[in-house]
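# Structural overview for review
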Amino acid sequence: MTEQYAPTAADVGTMYDQSTDLLSEVMGGNIHLGYWRDDEDDATVEQATDALTDMVGTRLALSPGDQVLDIGCGSGKPATRIAHTWGVHVTGVTISAQQAEIAAARPEVGTGQVSFRQADGMALPFPDAHFDNAYAIESFLHMSDRATAITEVARVLRPGGILVTANPYQQGELDAREAEIVADNRKLFQIPPIGNVDEYVAHMRKAGLEVLETLDIGENVRRSHTIAADLIRGVDKPSDGALSEELNRAADIIEHFGELPQIGYGLIVARRPCHPAGPAA
Ligand code: SAH
């Protein structure tokens, strides 16, 4: 039953319109999980979430001046970081009107390093082969039609262009209690069935992309959930008791979700071939 639950792009946009301020506050300005090398790594949430952005950036094989697409750009922090570090121009799209506004207010927009707009990743408003590289951090996760979203990126990438994705995965069977936790988390964050690496890889191959690397960092990011849950419990609660209770419930869901060993996380690096060989079987 829960497997059928599939939010529309508008549902996802509304959820982020309402939650971006809170999520940015608890995730160090980014809206994605953090990367910690090991248990001894004492990086702050901001350092760890920036480190994940950098893992994506280093895999994009960027050259100064490249035109880069950020699909699901959040409040624009990853885009400005990548633009600044590698001297590229990043165009960010987000389904959330509120995020597009927050991102557009960044000073780097004035310098022309980054630009942002509201658009649907499943119907990108760009011509074919428009971008040198593209990345998507925790955005395909929300899309009900990932095959179309990935076909769209492949279309707007120039031949030889790289795509890097970062997403949570679900691998292995869930018992009834675990399935309930996953269902609660999917409702909270407007997520269709979470999907696994093989599904993403299959979509990429079907879109004509060549998969260069799959990197499992599930254990490096796991700490993020507990930290986010604790921070949400600690934020200044609205005077409205019901809202405050809702936040505490959200924190519990996030924490339990993060404890599930079946929930992994990975990066995938793919390339649009210079000479298309046709979709692989
Ligand atoms: N990549 C950002 C934000 C991640 S949160 C960061 O790492 O900080 C998920 C993002 O995906 C949000 O910006 C949300 O608006 C975007 N998103 C989800 N579904 C989308 C869709 N159909 N089209 C465009 N963006 C989408």
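The paragraphs below set out a description of the structure included in this document. Since the structure is predicted, the reported quantities are computational estimates derived from the model, not experimental observations.

Calculation rules
- Residues numbered from 1 in each chain as written.
- Predicted model: local features only at pLDDT ≥ 70, side-chain atom pairs only at ≥ 80, totals over all residues.
- Heavy atoms only, no water.
- Core = buried A, V, L, I, M, F, W, Y, C linked by side-chain atoms within 4.5 Å.
- Buried < 20%, exposed > 50% of the residue type's maximum accessible area, 1.4 Å probe, protein only.
- Helix = DSSP H or I, 4+ residues; strand = E, 2+ residues; numbered from the N terminus.
- Contact = heavy atoms within 4.5 Å.
- Pairing = 2+ DSSP bridges.
- Right-handed = clockwise from strand over helix to strand, strands pointing away.
- Near = heavy atom within 4 Å.
- Polar contact = N/O pair within 3.5 Å; in protein donor to acceptor, adjacent residues only side chain to side chain.
- Areas by Shrake-Rupley, 256 points an atom, 1.4 Å probe, with all protein chains shown as cover.
- Nonpolar A, V, L, I, M, F, W, Y, C, P; charged D, E, K, R; others polar.
- Axes fitted to C-alpha atoms, helices over the stretch in contact; angles between N-to-C directions.
- Parallel < 35°, antiparallel > 145°, perpendicular 65-115°, else oblique.
- Left-handed = near helix turned anticlockwise from the far one by under 90°.
- Salt bridge = Lys/Arg side-chain N within 4 Å of Asp/Glu carboxyl O.
- 1 Å grid on protein atoms, 1.4 Å probe; cavity = no way out; pocket = protein on both sides within 12 Å on 5 of 7 lines; lining within 4 Å.
- Points joined across faces, edges and corners; volume = space filled by probe spheres on them.
- Lys, Arg positive; Asp, Glu negative; His and termini not counted.

### Topic: the nonpolar core
With 50 residues, the main nonpolar core has Leu 52, Val 56, Leu 60, Val 90, Tyr 135, Ile 217 and Tyr 265 as its most contacted residues. The element best represented in this core is helix 1 (residues 9-26), accounting for five residues. Setting aside residues no more than four positions away along its own chain, Val 56 makes contact with Tyr 135, Ile 137, Val 164, Ala 166 and Leu 267. In terms of nonpolar packing, the next biggest core, distinct from the first, is built from 29 residues, Phe 131, Val 156, Tyr 169 and Val 201 among them.

### Some points on the pairing of strand 4 (residues 131-137)
With seven of its seven residues buried, strand 4 lies for the most part within the structure. Inspection of the sheet shows strand 4 paired to strand 5 (residues 157-170) by six bridges, in the parallel sense. Paired with Ala 136 across the bridge in strand 5 is Thr 165. Taken together, strand 4, helix 6 (residues 146-156) and strand 5 constitute a β-α-β crossover, and its handedness is right-handed.

### Some thoughts on the site of the ligand
If you check the shell around the ligand, you find 22 residues, and the closest are Ile 31, His 32, Gly 72, Gln 99 and Gly 121. Here an oxygen atom of the ligand and a side-chain polar atom of Thr 94 are 2.8 Å apart. Between the ligand and the protein, one listed contact pairs a nitrogen atom with a backbone N or O atom of Ile 137 at 3.0 Å. Here the ligand has 560 Å² of accessible area as a free molecule, and 99% of this is covered by the chains. Of the residues that constitute the shell around the ligand, the class distribution is 10 nonpolar, 10 polar and two charged.

### Regarding the packing of helix 6 against helix 8 (residues 197-206)
Interaxial distance between helix 6 and helix 8 falls to 9 Å at its minimum, and their mutual angle equals 45°. Classified by the interaxial angle, the pair formed by helix 6 and helix 8 is oblique. Crossing of helix 6 against helix 8: the hand is right-handed. Residues Arg 146, Ala 147 and Ile 150 of helix 6 form the contact with helix 8, whose own contacting residues are Tyr 200, His 203 and Met 204.

### Observations concerning the pattern of salt bridges
Tallied over the entire structure, the rule returns 15 salt bridges. A salt bridge links Lys 77 to Glu 46; its shortest N-O distance comes to 2.7 Å. You can see Lys 77 sitting in helix 3 (residues 77-86) and its partner Glu 46 sitting in helix 2 (residues 45-59), a full 31 residues away along the chain. Close ionic contact of Glu 255 with Arg 233 constitutes a salt bridge, the shortest N to O distance being 2.7 Å. Of the two residues, Glu 255 is situated in helix 11 (residues 241-259) and Arg 233 in helix 10 (residues 223-234); the sequence distance between them amounts to 22 residues. For Glu 255, a relative accessible area of 18% gives the class buried. What emerges from the salt-bridge pattern is a single network uniting Glu 46, Asp 50, Asp 54, Lys 77 and Arg 81.

### Things to note about the environment of Thr 14
In this structure, Thr 14 sits in helix 1. By relative accessible area, Thr 14 is classed as partly exposed at 40%. It is 27 Å that separates the C-alpha atoms of Thr 14 and His 203, two residues lying 189 residues apart in sequence.

### Quick word on the layout of surface pockets
Of the pockets and cavities examined, the largest pocket occupies roughly 520 Å³. Surrounding the largest pocket, 21 residues form its lining, Ser 19, Leu 188, Glu 246, Leu 247 and Ala 250 being those nearest its centre. Secondary structure elements with two or more residues in the lining of the largest pocket: helix 1, helix 7 (176-189) and helix 11.

### Thoughts on the side chain of Glu 178
Relative to the helices and strands, Glu 178 resides in helix 7. Of the side chains with opposite charge, Arg 177 lies nearest to the buried Glu 178, which makes no salt bridge, at 5.0 Å. Each residue touching Glu 178, except ones within four places of it in the same chain, is listed here: Glu 173, Leu 260 and Gln 262.

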